[in-house]
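Residues per chain are reported as follows:
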Amino acid sequence: MARRGTPAKGAAARKRSERTREPVAAPVDGGLAELVPDRERPRGWTLLLDGAPQSHVDLDDPAYLSFAYQRRLGHVIDLAAPAGRPLHAVHLGGGAFTLARYLAASRPRSTQQIVEVDVPLVDLVRRELPLDPQARTRVRAMDARAGLGRIPDGWADLVIADVFSGARTPAHLTTVEFLTEVRRVLRPGGQYAANLTDGPPLAHLRGQIATAAALFPELALAADPVVWRGRRFGNAVLVASDLPVAVAELTRRVAGDPHPGRVEHGRALADFTGGAAVVTDADARPSPPPPPGTFG
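The structure displayed is predicted, hence computed values, not measured ones.

Undergrad: Just checking my understanding: could you explain the pairing of strand β11 (residues 234-241) for this structure?
TA: One face of the sheet, then the other: side chains in a regular strand alternate in exactly this way. In terms of burial, β11 is largely enclosed, as 7 of its 8 residues are buried. In this sheet, β11 lies alongside strand β9 (residues 186-198) in antiparallel orientation, the contact comprising 8 bridges. Each bridged residue has a counterpart across the sheet, and for N195 the counterpart in β11 is V237. The pairing of strand β10 (residues 218-223) with β11 spans 6 bridges and is antiparallel. Note on β11: the bridge partner recorded for A222 is V237.

Quick look at the structure:
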């Protein structure tokens, strides 16, 4: 009887542990990092930097993507190649390694490189939310553009940029020179996907589309309708490639998300850009800061 009771006691102890999980906070280069437990998922955590939500991770279910923009990037990952085919992927910006975990779970045997400049943040995530040791994932603790420079020509099937400093994308990661490096790293037919943020009048977003269009002939942009209409600050996911993007399927998936979005491409996207200038290293600025109360 004692032996039969042990697993039950162990399970009960785990449940008590899950209910009593406490947030973990630590100073990092980007401010104060907090890992807040998800009360609905026993091993789910949300990463915040200075109070702004950055990533969500479920260690039991890495294929679960909570944030709308991460779901859209997940769709890009799913559509980048036939289901299950391993990819070579570069993640610029680490956060809680959410998308690298997703790709490793959905495409086993993929080879990935994460480039994250914030060393204390990398240490925190590795300690509290460890990566699967079987995953072929390397973490480089360095600036995203410098790390990109170390990737061989034509190595990547996919480059994902999700880089923020103080809730803003650094200026040197918004330029045609930066995207020239991205294009060098991508194999023919590879895709670039970026998490962009902007609010009215959407000047930054228009400039980023114009800059990507200077190097990639095929573009698509997914965002919430209220962001498209310039009614509030929010995220938009840009996809760029030298070959056609699976726009119809991306549109269907984004429209079917819990927070439905809209995808534009082709002439409609060019019209939205409205003649915005290509951004260069000489005139680049960081993305605009979110207005007060955005993450309240």
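Undergrad: Could you clarify how one ought to interpret the packing of aromatic side chains in this entry?
TA: One pair of aromatic rings is described through two measures. These are the centre distance and the angle between the planes. What the rule picks out here adds up to 4 aromatic pairs. Ring centres 6.4 Å apart and planes at 45 degrees place the aromatic pair F67 and Y69 in the tilted group. The class of Y69 is buried, set by a relative accessible area of 10%. Taken together, a centroid distance of 6.4 Å and an interplanar angle of 75 degrees make the contact between F178 and Y192 edge-to-face. Separated by 14 residues along the polypeptide, F178 in helix α6 (residues 176-185) and Y192 in strand β9 bring together distant segments of the chain.

Undergrad: Honestly, helix α4 (residues 119-128) in this entry has me stumped. Any pointers?
TA: Those residues of α4 that fall on the buried side of the exposure criterion are L121, V122, L124 and V125. End-on view of α4: buried residues confined to an arc of 160 degrees, all on one side of the axis. Packing partners of the buried residues in α4 comprise β1 (24-28), β2 (31-37), β3 (44-49), α3 (98-106) and β7 (136-140).

Undergrad: Sorry, what's going on with the sheet that holds strand β8 (residues 156-161) here?
TA: In a beta sheet, neighbouring strands are held together by backbone hydrogen bonds and run either parallel or antiparallel to one another. Pairing in this open sheet of 8 strands is mixed, and the strands run β7-β6-β5-β8-β9-β11-β10-β12 from one edge to the other. The open sheet has two edge strands, β7 and β12 (262-265), and neither has a second partner. Each adjacent strand pair in this sheet contributes to an overall mean axis angle of 15 degrees, direction not counted. Helix α2 (residues 68-79) rests against β8, β9, β10 and β11 of the sheet, and its axis sits at about 15 degrees to β11. In the packing of helix α7 (residues 203-213) onto the sheet, contacts are made with β9, β10 and β11, and the angle to β9 comes to roughly 170 degrees.

Undergrad: Explain unusual backbone geometry here, please?
TA: Note: most peptide bonds trans; most residues except glycine with negative phi. The linkage connecting P200 with the following residue, P201, adopts the cis geometry, with an omega of 10 degrees. One non-glycine residue, R109, lies in the positive phi region at around 75 degrees. Tracing the backbone through its elements, the reader meets R109 in the loop between α3 and β6 (111-115). One non-glycine residue, L202, lies in positive phi territory at about 65 degrees. Here L202 shows up in the loop between β9 and α7.

About the criteria used
Residue numbers restart at each chain and count upward from 1, following the sequence in its written direction. The predicted nature of this model means local features are confined to residues of pLDDT at least 70 and side-chain atom pairs, given and counted, to a pLDDT of 80 or more, with totals for whole chains, interfaces and linings taken over all residues. Computation of side-chain values: all heavy atoms of the structure, hydrogens and water removed. Burial status follows relative accessibility: with a 1.4 Å probe on protein chains alone, a residue under 20% of its type maximum counts as buried, one over 50% as exposed, and anything between as partly exposed. Numbering of helices and strands runs from the N terminus, with a helix taken as a DSSP run of H or I at least four residues long and a strand as a DSSP run of E at least two residues long. Between any two strands, at least two bridges found by DSSP are needed for them to pair. Only Phe, Tyr and Trp rings take part, Trp by its six-membered ring, and two of them pair if their centres are within 6.5 Å. Stacked means planes under 30 degrees apart, edge-to-face means over 60, and tilted covers everything else. In this context, the arc is that of the directions from the helix axis out to the C-beta atoms. Contact between two residues is taken to exist if any of their heavy atoms lie within 4.5 Å; hydrogens are not considered. Where helices are involved, their axes are fitted lines through C-alpha atoms of the stretch in contact, as for all axes, and angles between N-to-C directions lie from 0 to 180°.

In short, the description is geometric, and any link to function would need to be established separately.
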